[in-house]
Amino acid sequence: RPGHTPADHAERQCGKGNVPVSHDDLQCGRSTAGTAPCRAGTPRPAIYRRWPNRLALAIDAVSHLAVVRPPRYPGTPFEDLVAELEHFRHCICDASALPLAGHMLTQGVDPALFERYQRELVVPRRTRLRAIIQRAIDAGAIPADCDLAVAGSFLTGSWYSFAISGTPPPDDWARRVA
C-alpha cells in the first residue's frame, strides 16, 4: 500500500499470533531471527526488532501455540485433566518445546527471558492444572489433603522423565498419568 514500508508489513505479519517459525525449525535448531524473515515475507531488520535472539523467538512460538490452540474441557475433572495433559503434549511436541524447557534450567539464562517463559508458559499451565485438581478435590474424586504443587509437578514432570530416559511416552500418556 502507498505510504507503507516493508517494516510496516513485517510488524503486521509478526504481530500477535503470527510467529514465523515452523515445527521443523524449532526441532532442528534452525529457529533464528535470521530464518524468520523468509517465513514472514519481511526484511530482517523488522524481525530483529521483534525478536532479538533465538530464545525470544522460540518462547513466542511456543506461547503462540499454547494460546492459539487452548485445551477444550469436556466436563469432568478427569476428562479435563486428560485434555490439559494432551494440550501439554501437543505444545511440547508440535513446537518441539522440550529443548526450550531444558534450556531454561541451565545457568546463565537471561533473567528477563526466564521470567517471560515462566509468566507465559509455566504459570498458566500450572494454574489450570491446580484448578482441575481442586475441582476433583471438591467433587470428592481425590483426597482433600492432596498436595496441589506436587501433583501438578508430577503430571507434567512425567513427560520430562520419559524424555530424559530416552523412552517415548505411551500414546495414551495423558490418560494414564491423569
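All of these numbers come straight from a predicted model, not from anything done at the bench.

Along its 18 residues, helix α9 (residues 148-165) runs 25 Å from first to last C-alpha, staying within 8% of the 26 Å computed at 1.5 Å per residue. Listing the buried residues of α9 in full gives Ala151, Gly152, Leu155, Thr156, Ser158 and Trp159. Here α9 starts with a cap whose side-chain oxygen sits 3.1 Å from the backbone nitrogen of alanine 149, and that cap is aspartate 147.

Overall, the coordinates contain seven salt bridges when judged by the stated rule. For arginine 119, the salt bridge is made with glutamate 120, and the minimal N-O distance between the two is 3.4 Å. In this structure, aspartate 172 engages arginine 176 in a salt bridge whose closest nitrogen and oxygen atoms are separated by 3.4 Å. Three or more residues joined by partner-sharing salt bridges are found here, namely Glu115, Arg116, Arg119 and Glu120.

Looking now at the nonpolar core. Leu81, Leu85, Leu155 and Trp173 are the most contacted members of the largest nonpolar core, which totals 16 residues. Looking at this core, the elements that each hand over two or more residues are α6 (77-94), α8 (111-138), α9 and α10 (173-177). Leave out the neighbours within four places in its chain, and leucine 155 touches Leu81, Leu85, Leu129, Ile133, Trp173 and Val177. Among the nonpolar cores identified, the runner-up in size contains 12 residues, and Val109, Leu113, Tyr117 and Leu121 belong to it.

Per the stated rule, a full pass over the model turns up three aromatic pairs. Arranged with centres 5.8 Å apart and planes meeting at 85°, the rings of phenylalanine 88 and tyrosine 160 form a pair that is edge-to-face. In this pair, phenylalanine 88 sits in helix α6 while tyrosine 160 sits in helix α9, placing the two residues 72 residues apart along the sequence. Accessibility expressed as a relative area gives 26% for tyrosine 160, which makes it partly exposed. When the ring of phenylalanine 88 is compared with that of tryptophan 173, the centres are 6.0 Å apart and the planes differ by 35°; the resulting orientation is tilted. One end of the pair, phenylalanine 88, is in helix α6; the other, tryptophan 173, is in helix α10, and 85 residues separate them in sequence.

Procedures and definitions
- Numbering of residues starts from 1 in each chain and follows the order in which that chain's sequence is written.
- Given that this is a predicted model, residues contribute local features only at a pLDDT of at least 70 and side-chain atom pairs are listed and counted only at 80 or more, while totals for whole chains, interfaces and linings are drawn from all residues.
- No hydrogens and no water enter the side-chain calculation; it runs on all heavy atoms of the structure.
- We count a stretch as a helix when DSSP gives it H or I for four or more residues in a row; a strand needs E for two or more, and each element gets its number in order from the N terminus.
- Expected span of a helix: the number of residues minus one, times 1.5 Å.
- For each residue, the accessible area found with a 1.4 Å probe, counting protein chains only, is set against the maximum for its type, and the residue is called buried under 20%, exposed over 50%, and partly exposed in between.
- By the criterion applied in these results, polar contacts are pairs of N or O atoms within 3.5 Å in which, for protein atoms, one can donate a hydrogen and the other can accept it, and in which residues neighboring in sequence qualify only through two side-chain atoms.
- Counted as salt bridges are all cases of a side-chain nitrogen of Lys or Arg within 4 Å of a carboxyl oxygen of Asp or Glu.
- Within this scheme, the nonpolar core is defined by two criteria: the residues are buried Ala, Val, Leu, Ile, Met, Phe, Trp, Tyr or Cys, and they are joined through side-chain atoms within 4.5 Å.
- Any two residues whose heavy atoms approach within 4.5 Å are treated as being in contact.
- Only Phe, Tyr and Trp rings are paired, with Trp represented by its six-membered ring, and only when their centres lie within 6.5 Å; those with planes under 30 degrees apart are stacked, over 60 edge-to-face, the remainder tilted.

Distances and angles like these do not, on their own, reveal function.
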